[in-house]
Amino acid sequence: MEEFYCATSSITLEHFFDFSFAPSLLLYSYLPIVVVTLLIGFFVFFKDKYSIQSKLLLGIGLSFAFWVLNIFLQWIAVYASVVYFAWEITPFIEILLPVFTLYFVYVFLEKKDLSMNLKLLLATIVVSVCVLLPSSVNIVSFDLVNCEANLGPLIHYVYAFEVLAALWILFFGLRKYFKLKKLEVVSSEQKKQILFITISSSIFLLIFALSNIIGEITQTYEINLFGPIGMVVFIGFLTFMIVKFKTFNIKLFTAQVLVWGLIFMIGAQFFFIKVPINFLLTGVTFISVLFFGHFLVNGVRKEIEQKESLQILNLELQDLIKQRESLVYLITHKIKGSF
């Protein structure tokens, strides 16, 4: 069977990708935020593998990464069958993002898992989208000239669900925040975390959905390049919460992010070096950052352990002082009674 390729491509079927037709900001818009999202997702997950929150956060990161990969295929793949497949599975990948985000925010706010009824509801939504993927409800036809799919109503249902998920998170989170704001038992840090996670996740889903909706209405798919801005806001707030409030009970986060960020930026230079002496200098710098970064992280770890030990000793000392005061009070009372 003869394989078709996109007419917009300027190269033959011997190649699999063609970047000539893709927007110039395609890699710069998606790649950095995907790397950061996956780093934080895996970092949180490996620090607490058994937590539902860490698993759901990793699910958000992986869903976003697969969505970006799918967008890449739609723009740069040469084979029409690959582009068609990328368009066909788009609703399934997109529905995962609001589902995981809803689940994550609920667990974060309520500190408990979803009920079985809500899990079945979310599973039904995902399965329904999967069942409709190979039907005309998803893709009506495919334009080989422009290498684009003529979408059916399924993607619009997905967009509507994204907007509804964002509004539900905003309503549910703000109601939780104002309810706890009146209680003095709840600390101000917990209240701020609720507010931050509510606002950031709502902004993430709204910007993500609106960029897709506007791009679909105007048939200007370059607008989708603004979609990752929502993820930047979400990851930015999440990083701030981890550093400021020790969310997810992660220690050494600041030092490890600093070291791994330097390693990533220096290692990325190897792909652009053409002069051998620059390759050597970059290699020495890369090894030096690995060596000194290891000692930096270990030093911060020891400092944190010492602080925790001092806090424990301080609590024990306070307990001993209270016991001594109680003993002195008891002895004084006995002596007075004897006299």
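Residues numbered from 1 in each chain as written. Predicted model: local features only at pLDDT ≥ 70, side-chain atom pairs only at ≥ 80, totals over all residues. Heavy atoms only, no water.

This part takes up the overall build of the chain. Within the chain one finds 9 helices and 2 strands. For the chain, the α and β elements follow one another from N to C terminus as α-α-α-α-β-β-α-α-α-α-α. Expressed as a percentage of its 339 residues, the buried residues of the chain come to 40%. For the chain, the share of sequence-separated contacts (at least 6 apart) that also reach a separation of at least 24 residues comes to 70%. With the model as given, the accessible surface of the chain reaches about 20200 Å², and the carbon-plus-sulfur share is 70%. (Helix = DSSP H or I, 4+ residues; strand = E, 2+ residues; numbered from the N terminus. Buried < 20%, exposed > 50% of the residue type's maximum accessible area, 1.4 Å probe, protein only. Contact = heavy atoms within 4.5 Å. Areas by Shrake-Rupley, 256 points an atom, 1.4 Å probe, with all protein chains shown as cover.)

Further remarks concern the packing of helix 3 (residues 80-110) against helix 4 (residues 116-132). Running from N to C, helix 3 and helix 4 cross one another at 170°; their axes reach a closest spacing of 9 Å. In terms of orientation, helix 3 lies roughly antiparallel with respect to helix 4. For the pair helix 3 and helix 4, contact is made by Pro-91, Phe-92, Ile-95, Leu-96, Val-99, Leu-102 and Tyr-103 and by Lys-119, Leu-122, Ile-125, Val-126, Val-129 and Cys-130, respectively. A class-by-class count of the residues in the contact of helix 3 with helix 4 yields 12 nonpolar, no polar and 1 charged. (Axes fitted to C-alpha atoms, helices over the stretch in contact; angles between N-to-C directions. Parallel < 35°, antiparallel > 145°, perpendicular 65-115°, else oblique. Nonpolar A, V, L, I, M, F, W, Y, C, P; charged D, E, K, R; others polar.)

Let us look at the confidence of the model for the chain. Atomic detail in the predicted coordinates should be set aside for any region of low pLDDT. For the chain, per-residue confidence averages 78 on the pLDDT scale, and 70% of positions sit at 70 or higher. Element-level mean pLDDT values for the chain span from 59 in helix 8 (residues 253-268) up to 93 in helix 4. (pLDDT = per-residue confidence, 0-100.)

In this section: the packing of aromatic side chains. Under the counting rule described, the total for this entry stands at 13 aromatic pairs. Each ring, one from Tyr-177 and one from Phe-178, has its centre 5.2 Å from the other, and the planes form 70°; the classification is edge-to-face. By relative accessible area, which is 15% here, Tyr-177 ends up buried. Consider the rings of Phe-196 and Phe-237, whose centres lie 5.6 Å apart with planes at 50°: the pair is tilted. Of this pair, Phe-196 sits in helix 6 (residues 188-218) while Phe-237 sits in helix 7 (residues 228-245), and the two are 41 residues apart along the sequence. The ring of Phe-108 is capped by Lys-111, whose NZ or CZ atom sits 4.4 Å from the centre of that ring. (Phe/Tyr/Trp six-rings, centres within 6.5 Å; stacked < 30°, edge-to-face > 60°. Lys NZ or Arg CZ within 6 Å of the ring centre and 35° of its normal.)

For Lys-111, which is not glycine, the phi torsion reads 60° and is therefore positive. Examined against the element boundaries, Lys-111 turns out to sit in the loop between helix 3 and helix 4.

What follows covers helix 3. Along its 31 residues, helix 3 runs 46 Å from first to last C-alpha, staying within 8% of the 45 Å computed at 1.5 Å per residue. A maximum bend of about 40° is found in helix 3 at Ile-89, where proline Pro-91 lies one to four positions downstream. Counting buried residues in helix 3 gives 24 out of 31 residues, a clear majority hidden from the surface. Positive phi shows up at Lys-111, right after helix 3, with a value of about 60°. (Expected span 1.5 Å × (residues − 1). Bend = angle between axes of the 7 residues up to and from the residue.)

By the definition in use, this model includes 2 salt bridges. The salt bridge partner of Lys-176 is Glu-110, with a shortest N-O separation of 3.5 Å. Linking Lys-176 in helix 5 (residues 154-181) with Glu-110 in helix 3, this pair joins segments that are 66 residues apart in sequence. (Salt bridge = Lys/Arg side-chain N within 4 Å of Asp/Glu carboxyl O.)

Attention now goes to the nonpolar core. Where a protein is soluble and globular, its nonpolar side chains tend to be buried together. Core analysis: the biggest nonpolar cluster contains 56 residues, and Phe-64, Trp-67, Phe-104, Ile-197, Met-231 and Phe-234 have the highest contact counts within it. Looking at this core, the elements that each hand over two or more residues are helix 1 (26-47), helix 2 (52-76), helix 3, helix 4, helix 5, helix 6 and helix 7. Among the elements that make up this core, the one with the highest residue count is helix 3 (13 residues). If we ignore the near neighbours within four places in the chain, the residues touching Trp-67 are Tyr-30, Ile-93, Glu-94, Phe-208 and Asn-212. One finds Ala-77, Val-82, Val-83 and Ile-155 within the second-largest nonpolar core, a separate group that totals 11 residues. (Core = buried A, V, L, I, M, F, W, Y, C linked by side-chain atoms within 4.5 Å.)

One turn of the α-helix equals 3.6 residues, which is why residues spaced by three or four share an orientation. Counted at 1.5 Å a residue, the expected span for helix 6 with its 31 residues is 45 Å, and the 44 Å between its end C-alpha atoms agrees. Positive phi appears at Gln-219, one or two residues downstream of helix 6, with a value of about 60°.

A separate point is the side chain of Glu-162. Along the chain, Glu-162 falls in helix 5. Contacts of Glu-162, omitting those with residues within four sequence positions, involve Glu-94, Pro-98, Leu-205, Phe-208, Ala-209 and Asn-212.

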